[in-house]
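A structural walkthrough
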Amino acid sequence: MNFLAHLYLSGTDEQLMIGNYLADLMNKKALEQFDPAIQRGVKLHRIIDSFTDNHSVVDEACALLRPKHHKYAPILVDIFFDYFLSKNWSSFTKESPKDFRKRAYDILLRYADTFPSKVRDQTKRMIGGDWLYSYGHLEGIDFVLHKLRQRVSKPQHIEGGVESLIQHEKKLNEIFINFFPSLIEKCIQFGADINLRSEEIS
């Protein structure tokens, strides 16, 4: 899961959202300086990642990408799942995409002064560039992959990521639709108050 999914899966609890957002952006020692309610969001983030990484359906998605993208296949699946969450947004929540983005950005901005400067600056770039919107578009995914190539040891294995998304879009979307409700339920069991659509997700 990437930023969009982690923020959505935090539900309506602001501190849960902040911890979920910060979990991959700061080291353990720095995160321990935050309020326990925010640290609970860090725990939720870890649960989401573990549940996703060990799910057999997600393994199927990784298998589609592994021949071309090798060890980076799970990372690309995480990024692509944000794309499919955006595409299937109305299937999972009654909150409009615009309202959700405004709510999430407002929460991040309210807490931004408590972030380390590097994280604060990235957060402001995210909001200024409306990254959560961009994840629903191929151009946005291409930008994310471009940034990823600058950080990995074998950037050649990230090349062609958007082409892989297009090639396998139908199957990956099916996998996402099959998987995501179980992840939502996991987060609800943890205590996240998620804005579901009117009818029950099963």
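Preceding block: the structure.
Before going into details, it helps to say that this report is about the structure given with it. (Residues numbered from 1 in each chain as written. Predicted model: local features only at pLDDT ≥ 70, side-chain atom pairs only at ≥ 80, totals over all residues. Heavy atoms only, no water.)

**With respect to helix 8 (residues 97-111)**
An ideal rise of 1.5 Å per residue puts 21 Å on 15 residues; helix 8 measures up with 21 Å between its terminal C-alpha atoms. Residues Phe100, Arg101, Ala104, Tyr105, Ile107, Leu108 and Tyr111 constitute the buried set of helix 8. An end-on view of helix 8 places all buried positions within 160° of arc, on one side of the element. Opposite the buried face of helix 8, at more than 90 degrees from it, the exposed residues are Lys98, Lys102 and Arg110. Buried residues belonging to helix 8 abut helix 1 (3-8), helix 2 (14-22), helix 4 (36-53), helix 7 (89-92), helix 9 (117-128) and helix 10 (131-134). (Helix = DSSP H or I, 4+ residues; strand = E, 2+ residues; numbered from the N terminus. Expected span 1.5 Å × (residues − 1). Buried < 20%, exposed > 50% of the residue type's maximum accessible area, 1.4 Å probe, protein only. Arc of directions from axis to C-beta. Contact = heavy atoms within 4.5 Å.)

**Comments concerning the packing of aromatic side chains**
Within a pair of aromatic rings, the relevant descriptors are the distance that separates the centres and the angle that separates the planes. Under the defined criterion, the tally for this structure stands at 14 aromatic pairs. A ring pair is formed by Phe3 and Tyr21, whose centres lie 5.4 Å apart and whose planes are at 40°; its orientation type is tilted. Highlighted residues: Phe3 in helix 1 and Tyr21 in helix 2, separated in sequence by 18 residues. In this structure, Phe3 and Tyr21 share a single accessibility class: buried. Linked through ring pairs, Tyr8, Phe51, Phe81, Tyr83, Phe84, Trp89, Phe92, Phe100, Phe176, Phe179 and Phe180 together constitute an aromatic cluster. (Phe/Tyr/Trp six-rings, centres within 6.5 Å; stacked < 30°, edge-to-face > 60°.)

**Quick notes on the environment of Ser90**
Relative to the assigned elements, Ser90 resides in helix 7. When its relative accessible area of 62% is taken as the criterion, Ser90 is described as exposed. Distance in space between the C-alpha atoms of Ser90 and Glu139 is 21 Å, their sequence separation being 49 residues.

**Side note on the packing of helix 2 against helix 8**
Working note: a packed helix pair is described by the angle between its axes plus the distance between those axes. Viewed as axis vectors pointing N to C, helix 2 and helix 8 meet at an angle of 80°, and their least axial separation amounts to 10 Å. Classed by the angle they form, the pair helix 2 and helix 8 counts as roughly perpendicular. Contacts between helix 2 and helix 8 involve Glu14, Gln15, Met17, Ile18 and Tyr21 from the former and Phe100, Arg103, Ala104, Ile107, Leu108, Arg110 and Tyr111 from the latter. Its residues placed into classes, the contact of helix 2 with helix 8 shows 8 nonpolar, 1 polar and 3 charged. (Axes fitted to C-alpha atoms, helices over the stretch in contact; angles between N-to-C directions. Parallel < 35°, antiparallel > 145°, perpendicular 65-115°, else oblique. Nonpolar A, V, L, I, M, F, W, Y, C, P; charged D, E, K, R; others polar.)

**With respect to the side chain of His6**
Summarising the element assignment, His6 is placed in helix 1. The buried category is assigned to His6, whose relative accessible area is 4%. Within the local environment of His6, its side chain forms a polar contact with the side chain of Asn20, the two groups lying 2.8 Å apart. (Polar contact = N/O pair within 3.5 Å; in protein donor to acceptor, adjacent residues only side chain to side chain.)

**Some thoughts on the packing of helix 6 (residues 73-87) against helix 11 (residues 138-149)**
The geometry of helix 6 relative to helix 11 is characterised by a closest axis approach of 10 Å and an angle of 155° between their N-to-C directions. Between helix 6 and helix 11, the interaxial angle falls into the category roughly antiparallel. In this structure, helix 6 crosses over helix 11, and the sense of that crossing is right-handed. Contacts between helix 6 and helix 11 involve Ile75, Leu76, Ile79, Phe80 and Tyr83 from the former and Leu138, Ile141, Val144, Leu145 and Leu148 from the latter. Considering only residue class, the contact of helix 6 with helix 11 consists of 10 nonpolar, no polar and no charged. (Left-handed = near helix turned anticlockwise from the far one by under 90°.)

**Examining the pattern of salt bridges**
Overall, the coordinates contain 8 salt bridges when judged by the stated rule. The residue Glu14 makes a salt bridge to Arg110 at a minimum N-O spacing of 2.4 Å. Linking Glu14 in helix 2 with Arg110 in helix 8, this pair joins segments that are 96 residues apart in sequence. Among the ionic pairs, Asp106 bridges to Lys102, the shortest N-O distance being 2.9 Å. Taken together, the positions of Asp106 and Lys102, both in helix 8 and 4 residues apart, correspond to about one turn of that helix. With relative accessibility at 29%, the residue Asp106 sits in the partly exposed group. Three or more residues joined by partner-sharing salt bridges are found here, namely Glu60, Lys171 and Glu174. (Salt bridge = Lys/Arg side-chain N within 4 Å of Asp/Glu carboxyl O.)

**Side note on unusual backbone geometry**
Phi is mostly negative for residues that are not glycine, and the peptide bonds are mostly trans. Positioned with a positive phi, His70 is a non-glycine residue whose angle comes to about 55°. Assignment of secondary structure puts His70 in the loop between helix 5 (56-69) and helix 6. The partly exposed category is assigned to His70, whose relative accessible area is 35%. Residues other than glycine seldom take positive phi values, yet Asp130 does so here, at roughly 50°. Mapped onto the secondary structure, Asp130 falls in the loop between helix 9 and helix 10. Assessed through its relative accessible area of 23%, Asp130 is described here as partly exposed.

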